[in-house]
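For reference, the chains in residue letters:
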Amino acid sequence: MKSFLHKKGVTLSPRVYLIDGLSYMALGLFSSLIIGLIIKTVGDQLEWTWFTEMGVLAMGLMGPAIGAAVAYGLKAPPLVLFATVIAGAAGAQLGGPAGSFIAALFATEIGKIVSKETKVDILVTPFVTILVGFFVATFIGPPINYGMTSLGSVIMWATEQQPIIMGVLVAVLMGWALTAPISSAAIAFMLGLEGIAAGAATIGCAAQMVGFAVSSYRENKVSGLLAIGIGTSMLQVPNIIRNPWIIIPPTIAGVVFAPIGTTIFNMTNVKEGAGMGTSGFVGQIMTFASMGFSVSVLLKVLLLHIIGPAVVSLAISEWMRKKSYIKDGDMKINIGG
């Protein structure tokens, strides 16, 4: 059985499902709901009706996009990939984003098992893939989605009751999730983070990206500054494994500015931007969508998401370099492809 599953590309590995699967789910989210929301927001602000309609369409196809992304990430054969689009749609309709992810996951793996095992593969494989996806969406998706959203509600409630302590915890944990090879965007969306909790998560994620970008400038120069600062701090994962001390400066930056955001400036966000940090500036765009665009909000965003984390991270990292906790080359990344 083990050799058969290996031949089919079914690993039964939690790492593959929770890291690779969630990462590709995030790509599906970004390619549908998140980019659609950005397009819709632009259309609404500029009164471009066709832009608004295009954005609404993209947002409505979140489920199929997640299905296709998960199947692609798990290296599904063509018939399984195309049928998982349906499984993802069923999961989204019956169980929200968490249901879509779980339905796509099961549909893909079972679909891979039956793929090319019969002489009528063109019928059996998509049928089984869709059947499994719909079954999971119907019976497993809703409870999982309810559990995720309930947990998100508890986090948001706790952040409102204890904005300093919970703000720090949310910022640190979501920031680490963004830098680690898992998807903070998918987590934020499945938890349905909103309001102050989402604002704290955005600060923590932005601190990781901006902090690493600035702290590693001497090694990575402008290309690294852009790749990490508006791309992903995940590029630093190999370096963190070699020297865990390097994650301290951006983490402290998140700890410093999250309570300021949750108490003094009352920073909020929506679930679509809570786990994005400064990646493509989606976290900032969604902050404006949540709080409205004004000079005051712009200044708060610049201070808490970019300037503040940059200054604190650089100061701490330079001190750590002098103390030899961080050495030259410790934050060098490979962005050559």
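Reading guide: rules and limits
Residues numbered from 1 in each chain as written. Predicted model: local features only at pLDDT ≥ 70, side-chain atom pairs only at ≥ 80, totals over all residues. Heavy atoms only, no water. Core = buried A, V, L, I, M, F, W, Y, C linked by side-chain atoms within 4.5 Å. Buried < 20%, exposed > 50% of the residue type's maximum accessible area, 1.4 Å probe, protein only. Helix = DSSP H or I, 4+ residues; strand = E, 2+ residues; numbered from the N terminus. Contact = heavy atoms within 4.5 Å. 1 Å grid on protein atoms, 1.4 Å probe; cavity = no way out; pocket = protein on both sides within 12 Å on 5 of 7 lines; lining within 4 Å. Points joined across faces, edges and corners; volume = space filled by probe spheres on them. Nonpolar A, V, L, I, M, F, W, Y, C, P; charged D, E, K, R; others polar. Salt bridge = Lys/Arg side-chain N within 4 Å of Asp/Glu carboxyl O.

Peer 1: Any chance you could explain the nonpolar core here in plain terms?
Peer 2: Side chains of a nonpolar character, in soluble globular proteins, are inclined to be buried together. Grouped together as the largest cluster of nonpolar side chains are 36 residues, with contacts concentrated most on Met25, Leu29, Ile34, Val70 and Phe101. For this core, the secondary-structure elements that each account for two or more residues are helix H2 (14-46), helix H4 (62-73), helix H5 (78-114), helix H6 (121-139), helix H9 (184-191) and helix H15 (282-291). In this structure Phe101 touches Tyr17, Gly21, Leu22, Met25, Ile66 and Val70, once residues within four positions along its chain are discounted. Grouped together as the second largest cluster of nonpolar side chains are 23 residues, Ala171, Ile240, Leu304 and Met320 included.

Peer 1: For this particular structure, what's the right way to read the layout of surface pockets?
Peer 2: To locate leftover empty space, one rolls a probe as large as a water molecule over the atoms. Put simply, the second largest pocket is a space of about 220 Å³. Looking at the second largest pocket, the residues that line it are Ile38, Thr41, Val42, Gln45, Leu46, Ile285, Phe288, Ala289, Gly292 and Phe293. For the lining of the second largest pocket, the elements supplying multiple residues, two or more each, are H2 and H15. By residue number, the principal contributor to the lining of the second largest pocket is H2, which donates 5 residues. A class-by-class count of the residues in the lining of the second largest pocket yields 7 nonpolar, 3 polar and no charged.

Peer 1: Honestly, the pattern of salt bridges in this entry has me stumped. Any pointers?
Peer 2: Where charged atoms from two side chains of opposite charge approach closely, those side chains can pair. Considering all chains together, one arrives at 9 salt bridges under this definition. When the shortest N-O distance is used, the salt bridge between Glu109 and Lys112 registers 2.9 Å. Here Glu109 and its partner Lys112 are both found in helix H5, 3 residues apart, which amounts to about one turn of the helix. According to the relative accessible area criterion, Glu109 is buried, its value standing at 8%. Notably, a salt bridge pairs Glu272 with Lys271, separated by 3.8 Å at the nearest N-O pair. A single salt-bridge network, built from bridges that share partners, covers Arg218, Glu219, Glu318, Arg321 and Asp328.

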